[in-house]
Amino acid sequence: MHNRTKTLGEFIIENQTDFQYSTGELSKLINAIRLAAKVVNHEVNKAGLVDILGDAGDTNIQGEDQKKLDVLANEKFIQTLKNREIVCGIASEEEDDFITINSQDENHNNKYVVLIDPLDGSSNIDVNVSVGTIFSIYRRITPVGTPVQLEDFLQPGNQQVAAGYVVYGTSTMLVYTTGNGVNGFTLNPAIGTFYLSHPNMQFPEDGRIYSVNEGNYVHFHQGVKDYIKYCQKEEGDRPYTSRYIGSLVSDFHRNMIKGGIYMYPKSSVTNNGKLRLLYECNPMAFLAEQAGGLAIGGKSRILDVQPTELHQRIPFFCGSKNMVLKLQEFLDKYH
Ligand SMILES: O=P(O)(O)OC[C@H]1O[C@](O)(COP(=O)(O)O)[C@@H](O)[C@@H]1O
Ligand SMILES: [Mg+2]
Ligand SMILES: [Mg+2]
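Per an unreviewed UniProt entry, the protein carries the name Fructose-1,6-bisphosphatase class 1 and comes from Croceivirga thetidis. Quoted verbatim from the Pathway (unreviewed entry) field of the UniProt record, the comment on the protein reads "Carbohydrate biosynthesis; Calvin cycle." According to the UniProt record, the Subcellular location (unreviewed entry) comment for the protein is "Cytoplasm".

Shown next as structure tokens:
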């Protein structure tokens, strides 16, 4: 039984040297995300008491109605990262274009860009079902000290230096990787400190949970339909259990602990599915692979996809290795 007394702050410092470019900057960045997560957690927890439920009255570039908490979480993360002078650019689900962070110190050598889904699972905000925040971090590829460029954000997922999520659920957890495994930290709300509660998280190779919005079943590709029927068939250790929270972070978190597969396929109505490659699929795929799972887009490994647009969508299948491989078998029948 590991001791739950190690704080996230201590863990970050202790593991700083694990990171090949370790100059302390990435640690400062993870610390900034930790701070922003606590601020947003505070707002989420009291959502019903203050006027932050419901729609903000605007739509984002994806044409989705922005929730007040989408906007608030977006502001809090951007402000917290800006104030800490460690990033040179931010891209967000709630911002049409990327944000260039001009440093006070013209000699700054801010090397990192951050991509965020400030509030994941927006459809669950008003009904008190767990939601999350997702983040993805890259080193810039354009020269330090020059204005950040779109190409700094359009890097394939296999170039991420860190990724993670916060889940605002029965407890609040921050789960992240810097390419040396996945660790989960639980917030002690009484003292506002994250403690290492889930060291070295691993996807069970096999699972018995499938997560998909079956309401879209009729529109799915035949390979996906066949796999869902396979999951539901009375045979061997099947039928599997269907669980779908409707918040990617929460469905992923459960499947990583219990073993399972999450699917958001393309369909005859959503050509590329719904989820965004840069700030939803890439970070979750990095975590999945670091935890022994797999993440594919139908034909290829998500992390090898070369992005072309900031808000592009991609079909997403992610979870326990043997479940994703089985799904791939069904998809390959129709390629
Ligand atoms: O309601 P649907 O179509 O099943 O979509 C649910 C999916 O959409 C999302 O809510 C998209 O994320 P956002 O809430 O950040 O836009 C995922 O979290 C979730 O898995
Ligand atoms: Mg999302
Ligand atoms: Mg969102």
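K.L.:
Which residues make up the UniProt feature "domain: Fructose-1-6-bisphosphatase class 1 C-terminal" (unreviewed entry) in the protein, and what values do they have?
P.N.:
Under the local residue numbering, the UniProt record ascribes the feature "domain: Fructose-1-6-bisphosphatase class 1 C-terminal" (unreviewed entry) to residues 204-331. Regarding residues 204-331, the helix share stands at 37% and the strand share at 12%, and the terminal C-alpha atoms are separated by 22 Å.

K.L.:
With reference to specific residues and values, describe the coordination of the magnesium ion (ligand 3).
P.N.:
Bound to the magnesium ion (ligand 3) are the protein donor atoms Glu93 (OE), Asp117 (OD) and Leu119 (O), situated 2.0 to 2.2 Å from the metal. All donors to the magnesium ion (ligand 3) come from one chain, and their sequence spacing reads E-x23-D-x1-L. Between the magnesium ion (ligand 3) and the magnesium ion (ligand 2) the interatomic distance amounts to 3.7 Å, and Asp117 serves as a bridging ligand to the pair. Of the residues examined, Leu119 reaches a relative accessible area of 1% and is grouped as buried.

K.L.:
Mind laying out the UniProt feature "binding site: Mg(2+) 1" (unreviewed entry) in the protein, listing which residues take part and the relevant values?
P.N.:
Mapped onto the present numbering, the UniProt feature "binding site: Mg(2+) 1" (unreviewed entry) falls at Glu93, Asp117 and Leu119. Spanning 27 residues, the named residues form one tight spatial group whose C-alpha atoms are at most 8.8 Å apart. Inspection of the secondary structure puts Asp117 in strand β5 (residues 112-120). Setting aside its immediate chain neighbours within four residues, Asp117 contacts Glu93, Gly132, Thr133, Ile134, Tyr279 and Glu280. Looking at where Leu119 falls in the secondary structure, it is placed in strand β5. Among residues more than four places away in sequence, those in contact with Leu119 are Leu69, Asp70, Ala73, Glu93, Ile125, Val131 and Gly132.

K.L.:
Residue-level account of the site of ligand 1, with values.
P.N.:
Taken together, 17 residues sit near ligand 1, with Asp120, Ser122, Tyr244, Leu248 and Tyr264 positioned nearest. Note that an oxygen atom of ligand 1 is positioned 2.8 Å from one of the backbone N or O atoms of Leu248. Tyr264 places a polar side-chain atom, nitrogen or oxygen, 2.6 Å from an oxygen atom of ligand 1. In the complex, 88% of the free accessible area of ligand 1, which totals 470 Å², lies under the protein chains. Residue assignment for the shell around ligand 1 shows that the elements contributing at least two residues are β5 and β13 (261-264). Among the elements that make up the shell around ligand 1, the one with the highest residue count is β5 (three residues). Both of domain 1 (3-198) and domain 2 (209-332) provide at least three residues apiece to the shell around ligand 1.

K.L.:
Before we move on, could you go through the domain arrangement of the protein and cite the residues and values that matter?
P.N.:
For the protein, the assigned domains are domain 1 (3-198) and domain 2 (209-332). Placing the centre of domain 1 and that of domain 2 at their C-alpha centroids yields a distance of 23 Å. Between domain 1 and domain 2, the buried area comes to about 2,900 Å², and carbon and sulfur atoms account for 61% of it. In terms of surface lost to domain 2, no three residues of domain 1 exceed Ile134, Leu154 and Tyr165, which account for 20% of the buried area on that side. Seen at the junction of domain 1 and domain 2, the total is two salt bridges. Among the salt bridges present, the one from Arg276 reaches Glu64, with a minimum N-O distance of 3.4 Å. Where domain 1 packs against domain 2, one counts 21 residue pairs in polar contact (both at pLDDT 80 or more). The residue makeup of the side of domain 1 that touches domain 2, split by class, is 24 nonpolar, 20 polar and seven charged.

K.L.:
Help me get a handle on the coordination of the magnesium ion (ligand 2), residues and values and all.
P.N.:
For the magnesium ion (ligand 2), the full set of protein donor atoms is Asp117 (OD), Asp120 (OD) and Glu280 (OE), and the range of their distances to it is 1.9 to 2.1 Å. We note that the donor set of the magnesium ion (ligand 2) lies within a single chain, spaced as D-x2-D-x159-E. Looking at Asp120, the relative accessible area reads 4%, which means it is buried. Here Glu280 falls in the buried class, since its relative accessible area comes to 1%.

About the cut-offs
Residues numbered from 1 in each chain as written. Chains lettered and ligands numbered in written order. Predicted model: local features only at pLDDT ≥ 70, side-chain atom pairs only at ≥ 80, totals over all residues. Heavy atoms only, no water. UniProt positions renumbered as here; feature names shortened; annotations may be inferred. Helix = DSSP H or I, 4+ residues; strand = E, 2+ residues; numbered from the N terminus. Donors = N, O, S within 2.8 Å, 3.2 Å for Na, K, Ca; no water. Buried < 20%, exposed > 50% of the residue type's maximum accessible area, 1.4 Å probe, protein only. Contact = heavy atoms within 4.5 Å. Near = heavy atom within 4 Å. Polar contact = N/O pair within 3.5 Å; in protein donor to acceptor, adjacent residues only side chain to side chain. Areas by Shrake-Rupley, 256 points an atom, 1.4 Å probe, with all protein chains shown as cover. Domains from an automatic or database assignment. Buried area = accessible area lost by both parts, 1.4 Å probe. Salt bridge = Lys/Arg side-chain N within 4 Å of Asp/Glu carboxyl O. Nonpolar A, V, L, I, M, F, W, Y, C, P; charged D, E, K, R; others polar.

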